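# Chains, contacts and geometry: an overview
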Amino acid sequence: MERENRRAFGRTPDGTQVDELTLRDGNLTCGIITYGGAVRSLAVPGKNGGPVDVALGFDALEDYMAQDKYIGALVGRYANRIGGAGFTLGGTEYRLAANNGPNSLHGGRAGFDKKVWTVEELTGSSVTLSLASPDGEEGYPGSLEVRVTYTLSGGALDIAYWGRSDRDTVFNPTNHTYFNLSGHGSGSVEGQYIRLNASRYTPAAPGAIPTGEIAPVEGTPMDLRRLQPIGAHIDDPFEQLTLAGGWDHNWAVDGWDGTSLRPAARAWSPDTGIALEASTTLPGVQFYAGNFLEGCPAGKGGAAYGRRCGFCLETQFFPDTPNQPRFPSCVLRAGEEYRSATRYRFSTADSAGAAAEFSDG
(Lines give C-alpha, C1' and ligand atoms only; values in the text may rest on other atoms or scores of the structure.)
Protein backbone atom coordinates (compact mmCIF):
# COMPACT_ATOMS: atom_id res chain seq x y z
CA MET A 1 0.00 0.00 0.00
CA GLU A 2 2.83 2.40 0.87
CA ARG A 3 4.26 2.33 -2.65
CA GLU A 4 0.84 3.15 -4.08
CA ASN A 5 0.16 6.28 -2.04
CA ARG A 6 3.60 7.58 -1.05
CA ARG A 7 5.93 9.45 -3.38
CA ALA A 8 9.02 11.62 -3.06
CA PHE A 9 8.13 15.32 -3.06
CA GLY A 10 11.61 16.85 -2.69
CA ARG A 11 14.56 17.30 -0.36
CA THR A 12 15.36 19.98 2.18
CA PRO A 13 18.72 21.79 1.91
CA ASP A 14 20.26 19.33 4.41
CA GLY A 15 19.19 16.40 2.21
CA THR A 16 16.19 15.17 4.21
CA GLN A 17 13.60 13.59 1.93
CA VAL A 18 10.07 14.94 1.99
CA ASP A 19 7.25 12.66 0.84
CA GLU A 20 3.68 13.23 -0.28
CA LEU A 21 1.08 10.81 1.08
CA THR A 22 -2.21 10.41 -0.76
CA LEU A 23 -5.28 9.37 1.23
CA ARG A 24 -8.54 8.24 -0.38
CA ASP A 25 -12.00 7.42 0.85
CA GLY A 26 -14.93 7.26 -1.55
CA ASN A 27 -15.02 10.52 -3.51
CA LEU A 28 -12.53 12.30 -1.23
CA THR A 29 -8.80 12.52 -1.88
CA CYS A 30 -6.27 14.29 0.33
CA GLY A 31 -2.56 14.93 -0.21
CA ILE A 32 -0.33 15.39 2.86
CA ILE A 33 3.37 16.26 2.71
CA THR A 34 5.76 15.40 5.51
CA TYR A 35 7.25 18.92 5.49
CA GLY A 36 5.15 20.70 8.09
CA GLY A 37 2.65 17.84 7.95
CA ALA A 38 0.84 20.10 5.50
CA VAL A 39 -2.43 19.41 3.70
CA ARG A 40 -1.36 20.00 0.10
CA SER A 41 -4.63 19.11 -1.63
CA LEU A 42 -8.17 18.13 -0.70
CA ALA A 43 -10.45 17.08 -3.54
CA VAL A 44 -14.17 16.77 -2.78
CA PRO A 45 -17.14 16.40 -5.15
CA GLY A 46 -18.96 19.54 -6.22
CA LYS A 47 -22.63 19.86 -7.15
CA ASN A 48 -21.88 18.62 -10.68
CA GLY A 49 -20.19 15.51 -9.32
CA GLY A 50 -16.66 16.32 -10.42
CA PRO A 51 -13.80 16.75 -7.93
CA VAL A 52 -12.90 20.23 -6.67
CA ASP A 53 -9.59 20.82 -4.89
CA VAL A 54 -10.58 23.10 -2.00
CA ALA A 55 -7.17 23.46 -0.28
CA LEU A 56 -4.47 25.97 -1.21
CA GLY A 57 -1.06 24.41 -1.79
CA PHE A 58 2.10 24.34 -3.91
CA ASP A 59 3.66 22.10 -6.52
CA ALA A 60 7.23 22.35 -5.20
CA LEU A 61 8.83 21.91 -1.78
CA GLU A 62 10.85 25.07 -2.36
CA ASP A 63 7.65 27.10 -2.42
CA TYR A 64 6.55 25.69 0.93
CA MET A 65 9.92 26.63 2.37
CA ALA A 66 9.82 30.14 0.88
CA GLN A 67 6.29 31.16 1.91
CA ASP A 68 5.45 32.55 5.34
CA LYS A 69 1.66 32.01 5.39
CA TYR A 70 1.70 28.55 7.07
CA ILE A 71 -0.25 27.16 4.13
CA GLY A 72 -1.76 23.79 4.98
CA ALA A 73 0.67 23.22 7.85
CA LEU A 74 0.52 21.78 11.32
CA VAL A 75 1.54 24.60 13.64
CA GLY A 76 2.90 24.53 17.19
CA ARG A 77 4.01 24.18 19.82
CA TYR A 78 1.59 27.03 20.35
CA ALA A 79 -0.81 28.02 17.59
CA ASN A 80 -1.65 31.72 17.31
CA ARG A 81 0.04 34.41 19.39
CA ILE A 82 1.64 34.65 22.80
CA GLY A 83 1.87 38.27 23.90
CA GLY A 84 5.29 39.70 24.68
CA ALA A 85 6.89 36.46 23.45
CA GLY A 86 6.89 34.97 26.93
CA PHE A 87 4.91 33.43 29.77
CA THR A 88 5.34 32.25 33.34
CA LEU A 89 4.61 28.66 34.35
CA GLY A 90 5.22 27.21 37.80
CA GLY A 91 7.01 30.36 38.87
CA THR A 92 9.51 30.22 36.00
CA GLU A 93 9.53 32.73 33.17
CA TYR A 94 10.05 31.39 29.66
CA ARG A 95 11.17 33.61 26.79
CA LEU A 96 10.13 32.78 23.22
CA ALA A 97 11.15 34.02 19.80
CA ALA A 98 9.46 37.32 18.89
CA ASN A 99 8.57 36.54 15.28
CA ASN A 100 5.42 38.68 15.03
CA GLY A 101 6.38 42.13 16.19
CA PRO A 102 6.94 41.85 19.95
CA ASN A 103 4.90 38.64 20.10
CA SER A 104 5.46 34.96 19.34
CA LEU A 105 3.36 33.42 16.56
CA HIS A 106 2.64 29.77 15.69
CA GLY A 107 5.51 28.29 17.68
CA GLY A 108 8.29 30.71 16.79
CA ARG A 109 10.85 30.95 14.03
CA ALA A 110 11.16 27.18 13.47
CA GLY A 111 7.88 25.71 14.64
CA PHE A 112 6.16 22.50 13.64
CA ASP A 113 5.39 23.94 10.20
CA LYS A 114 9.12 23.89 9.33
CA LYS A 115 9.85 20.35 10.52
CA VAL A 116 9.92 17.14 8.49
CA TRP A 117 7.51 14.80 10.25
CA THR A 118 8.03 11.03 10.52
CA VAL A 119 5.45 8.67 9.03
CA GLU A 120 4.52 6.23 11.81
CA GLU A 121 1.64 4.46 10.08
CA LEU A 122 0.14 4.76 6.61
CA THR A 123 -2.96 3.12 5.16
CA GLY A 124 -5.08 3.95 2.14
CA SER A 125 -7.22 6.43 4.07
CA SER A 126 -5.14 7.43 7.11
CA VAL A 127 -1.67 8.53 8.14
CA THR A 128 -0.09 9.11 11.53
CA LEU A 129 2.82 11.57 11.67
CA SER A 130 5.15 12.07 14.63
CA LEU A 131 7.59 14.68 15.84
CA ALA A 132 9.94 15.03 18.81
CA SER A 133 10.45 18.57 20.13
CA PRO A 134 13.39 18.76 22.56
CA ASP A 135 13.34 20.59 25.88
CA GLY A 136 13.95 24.30 25.32
CA GLU A 137 13.17 24.29 21.61
CA GLU A 138 11.94 27.78 20.68
CA GLY A 139 12.04 28.53 24.41
CA TYR A 140 9.34 26.04 25.48
CA PRO A 141 9.94 23.73 28.46
CA GLY A 142 9.82 19.96 28.26
CA SER A 143 10.79 17.24 25.81
CA LEU A 144 7.56 16.88 23.87
CA GLU A 145 6.35 13.92 21.81
CA VAL A 146 3.67 14.74 19.23
CA ARG A 147 1.51 12.59 16.99
CA VAL A 148 -1.08 13.77 14.49
CA THR A 149 -3.39 11.42 12.59
CA TYR A 150 -5.19 12.47 9.42
CA THR A 151 -8.10 10.22 8.40
CA LEU A 152 -10.55 10.40 5.50
CA SER A 153 -13.83 8.76 6.42
CA GLY A 154 -17.52 9.28 5.78
CA GLY A 155 -17.12 12.46 3.75
CA ALA A 156 -14.83 14.09 6.31
CA LEU A 157 -11.19 14.83 7.04
CA ASP A 158 -10.53 14.04 10.70
CA ILE A 159 -7.42 15.36 12.49
CA ALA A 160 -6.52 13.79 15.85
CA TYR A 161 -3.76 15.35 17.97
CA TRP A 162 -1.78 13.68 20.76
CA GLY A 163 1.08 14.96 22.89
CA ARG A 164 3.10 14.15 26.01
CA SER A 165 5.85 16.10 27.77
CA ASP A 166 8.32 15.19 30.51
CA ARG A 167 7.90 18.65 32.08
CA ASP A 168 4.95 20.94 32.61
CA THR A 169 4.50 22.97 29.44
CA VAL A 170 1.93 24.74 27.29
CA PHE A 171 0.64 23.04 24.17
CA ASN A 172 -1.78 24.20 21.50
CA PRO A 173 -1.36 22.59 18.06
CA THR A 174 -3.64 23.26 15.10
CA ASN A 175 -3.85 22.93 11.34
CA HIS A 176 -3.56 25.97 9.07
CA THR A 177 -5.26 24.81 5.87
CA TYR A 178 -6.60 27.62 3.70
CA PHE A 179 -9.94 26.57 2.21
CA ASN A 180 -11.52 27.90 -0.97
CA LEU A 181 -14.74 25.98 -1.56
CA SER A 182 -14.99 27.24 -5.14
CA GLY A 183 -11.60 25.68 -5.92
CA HIS A 184 -8.13 26.60 -4.73
CA GLY A 185 -7.38 28.77 -7.76
CA SER A 186 -10.75 30.50 -8.09
CA GLY A 187 -9.86 33.83 -6.48
CA SER A 188 -11.48 35.68 -3.60
CA VAL A 189 -13.58 33.83 -1.02
CA GLU A 190 -15.59 36.95 -0.15
CA GLY A 191 -18.63 35.63 -2.06
CA GLN A 192 -18.60 32.36 -0.11
CA TYR A 193 -20.68 32.01 3.02
CA ILE A 194 -19.75 31.53 6.66
CA ARG A 195 -21.55 30.77 9.92
CA LEU A 196 -19.87 30.41 13.34
CA ASN A 197 -21.44 28.56 16.22
CA ALA A 198 -20.21 31.17 18.67
CA SER A 199 -22.02 33.79 20.72
CA ARG A 200 -18.76 35.16 22.19
CA TYR A 201 -15.31 36.10 20.93
CA THR A 202 -12.02 37.39 22.35
CA PRO A 203 -11.45 41.05 21.37
CA ALA A 204 -7.85 41.93 20.64
CA ALA A 205 -5.71 45.00 21.14
CA PRO A 206 -3.33 46.30 18.45
CA GLY A 207 -0.92 43.46 17.69
CA ALA A 208 -3.77 40.90 17.83
CA ILE A 209 -3.22 40.01 21.49
CA PRO A 210 -6.49 39.43 23.40
CA THR A 211 -7.53 42.00 25.97
CA GLY A 212 -8.65 39.18 28.27
CA GLU A 213 -12.33 39.85 27.73
CA ILE A 214 -14.65 37.17 26.35
CA ALA A 215 -17.23 39.46 24.78
CA PRO A 216 -20.69 38.85 23.33
CA VAL A 217 -21.01 39.14 19.55
CA GLU A 218 -24.59 40.38 19.83
CA GLY A 219 -25.06 43.76 18.15
CA THR A 220 -21.64 43.80 16.47
CA PRO A 221 -20.27 42.76 13.06
CA MET A 222 -18.59 39.87 14.91
CA ASP A 223 -21.98 38.16 15.08
CA LEU A 224 -21.67 35.40 12.47
CA ARG A 225 -24.29 33.11 13.94
CA ARG A 226 -26.35 33.24 10.74
CA LEU A 227 -25.08 32.30 7.31
CA GLN A 228 -23.73 35.34 5.46
CA PRO A 229 -21.20 36.14 2.74
CA ILE A 230 -17.65 36.35 4.06
CA GLY A 231 -17.34 39.75 2.44
CA ALA A 232 -20.63 41.18 3.73
CA HIS A 233 -19.19 42.98 6.76
CA ILE A 234 -15.48 42.23 6.53
CA ASP A 235 -14.57 45.88 5.94
CA ASP A 236 -17.12 47.48 8.27
CA PRO A 237 -15.77 50.48 10.22
CA PHE A 238 -15.60 48.45 13.43
CA GLU A 239 -12.40 48.69 15.46
CA GLN A 240 -11.76 44.94 15.70
CA LEU A 241 -12.04 44.54 11.92
CA THR A 242 -9.98 47.64 11.21
CA LEU A 243 -7.14 46.47 13.48
CA ALA A 244 -6.99 43.03 11.83
CA GLY A 245 -7.66 44.05 8.23
CA GLY A 246 -10.84 41.96 8.27
CA TRP A 247 -11.76 38.66 9.89
CA ASP A 248 -8.83 37.29 11.89
CA HIS A 249 -10.23 36.58 15.34
CA ASN A 250 -10.84 33.85 17.86
CA TRP A 251 -14.42 32.86 18.62
CA ALA A 252 -15.47 30.79 21.67
CA VAL A 253 -17.30 27.67 20.51
CA ASP A 254 -20.77 27.43 22.02
CA GLY A 255 -21.36 24.36 24.17
CA TRP A 256 -17.68 23.48 24.52
CA ASP A 257 -17.08 20.83 27.19
CA GLY A 258 -13.57 19.63 26.30
CA THR A 259 -14.60 16.06 25.54
CA SER A 260 -17.02 15.79 22.62
CA LEU A 261 -16.94 17.25 19.15
CA ARG A 262 -18.93 20.48 19.03
CA PRO A 263 -19.99 22.30 15.82
CA ALA A 264 -17.73 25.32 15.37
CA ALA A 265 -18.26 26.66 11.85
CA ARG A 266 -20.05 26.08 8.56
CA ALA A 267 -19.14 27.43 5.15
CA TRP A 268 -20.63 27.12 1.67
CA SER A 269 -19.82 28.06 -1.91
CA PRO A 270 -22.71 28.97 -4.22
CA ASP A 271 -20.41 28.27 -7.19
CA THR A 272 -19.69 24.61 -6.47
CA GLY A 273 -22.39 23.89 -3.89
CA ILE A 274 -19.69 22.52 -1.59
CA ALA A 275 -20.49 22.88 2.10
CA LEU A 276 -18.00 22.48 4.93
CA GLU A 277 -18.81 21.87 8.57
CA ALA A 278 -16.01 22.12 11.13
CA SER A 279 -16.40 20.58 14.58
CA THR A 280 -13.87 20.29 17.39
CA THR A 281 -13.19 19.29 20.99
CA LEU A 282 -11.32 22.58 21.50
CA PRO A 283 -12.76 25.77 23.01
CA GLY A 284 -11.94 28.18 20.18
CA VAL A 285 -11.78 28.65 16.43
CA GLN A 286 -9.78 31.30 14.62
CA PHE A 287 -11.66 32.38 11.52
CA TYR A 288 -9.10 34.04 9.26
CA ALA A 289 -10.16 35.32 5.85
CA GLY A 290 -6.70 35.47 4.28
CA ASN A 291 -6.31 39.23 4.65
CA PHE A 292 -2.53 38.98 4.22
CA LEU A 293 -2.17 36.21 1.64
CA GLU A 294 -0.57 38.40 -1.00
CA GLY A 295 3.11 37.73 -1.60
CA CYS A 296 2.76 33.96 -1.87
CA PRO A 297 4.57 31.98 -4.55
CA ALA A 298 2.30 30.75 -7.33
CA GLY A 299 0.08 27.91 -6.15
CA LYS A 300 -0.69 24.55 -7.71
CA GLY A 301 -0.89 24.76 -11.49
CA GLY A 302 0.34 28.37 -11.36
CA ALA A 303 -2.71 29.63 -9.45
CA ALA A 304 -2.42 33.14 -8.03
CA TYR A 305 -3.04 33.27 -4.28
CA GLY A 306 -3.80 36.86 -3.40
CA ARG A 307 -5.55 38.69 -0.61
CA ARG A 308 -8.61 36.81 0.67
CA CYS A 309 -8.20 33.88 -1.72
CA GLY A 310 -8.61 31.39 1.10
CA PHE A 311 -9.99 31.19 4.63
CA CYS A 312 -8.83 29.26 7.67
CA LEU A 313 -10.77 27.63 10.50
CA GLU A 314 -8.03 27.03 13.06
CA THR A 315 -9.38 25.10 16.04
CA GLN A 316 -7.44 25.98 19.17
CA PHE A 317 -7.10 27.15 22.72
CA PHE A 318 -7.54 30.91 22.80
CA PRO A 319 -4.64 33.17 21.75
CA ASP A 320 -2.27 34.20 24.56
CA THR A 321 -3.88 31.73 26.95
CA PRO A 322 -0.63 31.26 28.96
CA ASN A 323 -0.94 34.92 29.98
CA GLN A 324 -4.73 35.04 30.36
CA PRO A 325 -5.99 33.37 33.57
CA ARG A 326 -9.65 33.75 32.53
CA PHE A 327 -9.19 31.58 29.44
CA PRO A 328 -9.47 27.75 29.44
CA SER A 329 -6.07 26.36 30.44
CA CYS A 330 -3.63 25.06 27.82
CA VAL A 331 -1.16 23.64 30.36
CA LEU A 332 0.01 20.09 29.68
CA ARG A 333 1.30 18.56 32.91
CA ALA A 334 4.36 16.33 32.93
CA GLY A 335 3.52 12.77 31.94
CA GLU A 336 -0.09 13.52 31.08
CA GLU A 337 -1.49 12.98 27.59
CA TYR A 338 -2.92 15.74 25.42
CA ARG A 339 -5.70 14.73 23.05
CA SER A 340 -7.92 16.79 20.80
CA ALA A 341 -9.87 16.23 17.61
CA THR A 342 -11.14 18.32 14.72
CA ARG A 343 -13.39 17.22 11.87
CA TYR A 344 -13.95 18.94 8.51
CA ARG A 345 -17.02 17.35 6.92
CA PHE A 346 -17.98 18.04 3.29
CA SER A 347 -21.30 17.82 1.47
CA THR A 348 -23.15 19.65 -1.30
CA ALA A 349 -26.17 21.93 -0.99
CA ASP A 350 -28.12 24.26 -3.27
CA SER A 351 -28.94 27.79 -2.12
CA ALA A 352 -32.24 26.81 -0.50
CA GLY A 353 -30.71 23.81 1.22
CA ALA A 354 -27.74 25.81 2.45
CA ALA A 355 -29.98 28.49 3.86
CA ALA A 356 -32.11 25.97 5.71
CA GLU A 357 -29.28 23.78 6.96
CA PHE A 358 -26.69 26.39 7.83
CA SER A 359 -28.73 29.30 9.12
CA ASP A 360 -30.84 27.43 11.65
CA GLY A 361 -28.95 24.26 12.53
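It should be emphasised that the depicted structure is a prediction, and the values quoted were computed from it without experimental measurement.

In this section: the sheet that holds strand β13 (residues 144–153). Taken in spatial order, the nine strands of this open sheet run β11-β12-β13-β14-β27-β23-β22-β17-β20, and their pairing is antiparallel. The open sheet has two edge strands, β11 (118–122) and β20 (228–229), and neither has a second partner.

On to unusual backbone geometry, then. Cis geometry is adopted by the peptide bond preceding R77, which originates at G76 and carries an omega value of 10 degrees. With respect to the helices and strands, the residue R77 is situated in the loop between β6 (74–75) and β7 (81–82). Of note in this structure, A85 is not a glycine but carries a positive phi near 50 degrees. Under the relative-accessibility criterion, A85 is labelled buried at 2%. At H106, a residue that is not glycine, the phi angle is positive and equals roughly 55 degrees. Among the structural elements, H106 can be located in the loop between β10 (104–105) and β11.

One can find V217 in the loop between β19 (215–216) and β20. Relative accessible area serves as the criterion here: at 0%, V217 is assigned to the buried category. For the pair V217 and L152, spaced 65 residues apart in sequence, the C-alpha to C-alpha distance is 34 Å. What V217 contacts, discounting residues up to four positions off in sequence, is A198, S199, R200, Y201, M222, D223, R225 and W251.

Moving on to the side chain of D320. Positionally, D320 belongs in the loop between β25 (312–316) and β26 (331–332). Buried charge without a salt bridge: D320, with R95 as the nearest opposite-charge side chain at an N-O distance of 9.8 Å. Reaching out from D320, the side chain makes a polar contact with the backbone nitrogen of G83 at a distance of 2.8 Å. A distance of 2.8 Å separates polar atoms of two side chains, one belonging to D320 and the other to N323. Among residues more than four places away in sequence, those in contact with D320 are Y78, R81, I82, G83, I209 and P210.

Here the focus is the layout of surface pockets. Reported here for the largest pocket is a volume of approximately 670 Å³. When its residues are assigned to classes, the lining of the largest pocket shows 13 nonpolar, 14 polar and seven charged. Roughly 210 Å³ of volume is contained in the second largest pocket. When contributions to the lining of the second largest pocket are tallied by element, the ones reaching two or more residues are β26 and β27 (337–348). It is β27 that provides the largest number of residues to the lining of the second largest pocket, a total of four residues. For the lining of the second largest pocket, the class distribution of residues is nine nonpolar, four polar and three charged.

Bringing the environment of A303 into the picture now. Structurally, A303 can be placed in the loop between β24 (284–288) and β25. In sequence terms A303 and R200 are 103 residues apart; their C-alpha atoms lie 36 Å from each other.

Another point: the packing of aromatic side chains. Remark: the centre distance and the inter-plane angle together describe each pair of aromatic rings, the angle taken between the planes. Across all of its chains, the model carries 18 aromatic pairs by this definition. Among the aromatic residues, ring-to-ring pairing joins F179, Y201, W247, W251, F287, F311, Y344 and F346 into one connected group. Of note, R147 hangs over the ring of W162, and the distance from its end group to the ring centre comes to 4.0 Å.

Attention shifts here to the sheet that holds β25. Remark on secondary structure: sheet strands pair via backbone hydrogen bonds, oriented parallel or antiparallel. What the five strands build is an open sheet, ordered β19-β18-β21-β24-β25; its pairing is antiparallel. Only two strands of the sheet have a single partner each, and these edge strands are β19 and β25. Examined bridge by bridge, strand β21 (residues 248–252) and β24 share five bridges and lie antiparallel to one another. For W251, the partnering residue across the bridge sits in β24 and is V285.

Attention now goes to the nonpolar core. In terms of nonpolar packing, the biggest core is built from 72 residues, with Y150, W251, F287, L313 and F346 touching the most fellow members. The biggest single contributor to this core is β13, with five residues. Excluding residues within four positions of it along the chain, W251 makes contact with L196, A198, R200, Y201, V217, M222, L224, P283, G284, V285 and F287. In terms of nonpolar packing, the next biggest core, distinct from the first, is built from 23 residues, I71, V75, Y288 and C309 among them.

For the structure shown, the criterion picks out one cavity of 30 Å³ or more. Its volume calculated, the largest cavity comes out at about 50 Å³. Looking at the lining of the largest cavity, its residues break down into three nonpolar, four polar and four charged.

What counts and how
Residues numbered from 1 in each chain as written. Predicted model: local features only at pLDDT ≥ 70, side-chain atom pairs only at ≥ 80, totals over all residues. Heavy atoms only, no water. Pairing = 2+ DSSP bridges. Helix = DSSP H or I, 4+ residues; strand = E, 2+ residues; numbered from the N terminus. Buried < 20%, exposed > 50% of the residue type's maximum accessible area, 1.4 Å probe, protein only. Contact = heavy atoms within 4.5 Å. Lys, Arg positive; Asp, Glu negative; His and termini not counted. Salt bridge = Lys/Arg side-chain N within 4 Å of Asp/Glu carboxyl O. Polar contact = N/O pair within 3.5 Å; in protein donor to acceptor, adjacent residues only side chain to side chain. 1 Å grid on protein atoms, 1.4 Å probe; cavity = no way out; pocket = protein on both sides within 12 Å on 5 of 7 lines; lining within 4 Å. Points joined across faces, edges and corners; volume = space filled by probe spheres on them. Nonpolar A, V, L, I, M, F, W, Y, C, P; charged D, E, K, R; others polar. Phe/Tyr/Trp six-rings, centres within 6.5 Å; stacked < 30°, edge-to-face > 60°. Lys NZ or Arg CZ within 6 Å of the ring centre and 35° of its normal. Core = buried A, V, L, I, M, F, W, Y, C linked by side-chain atoms within 4.5 Å.

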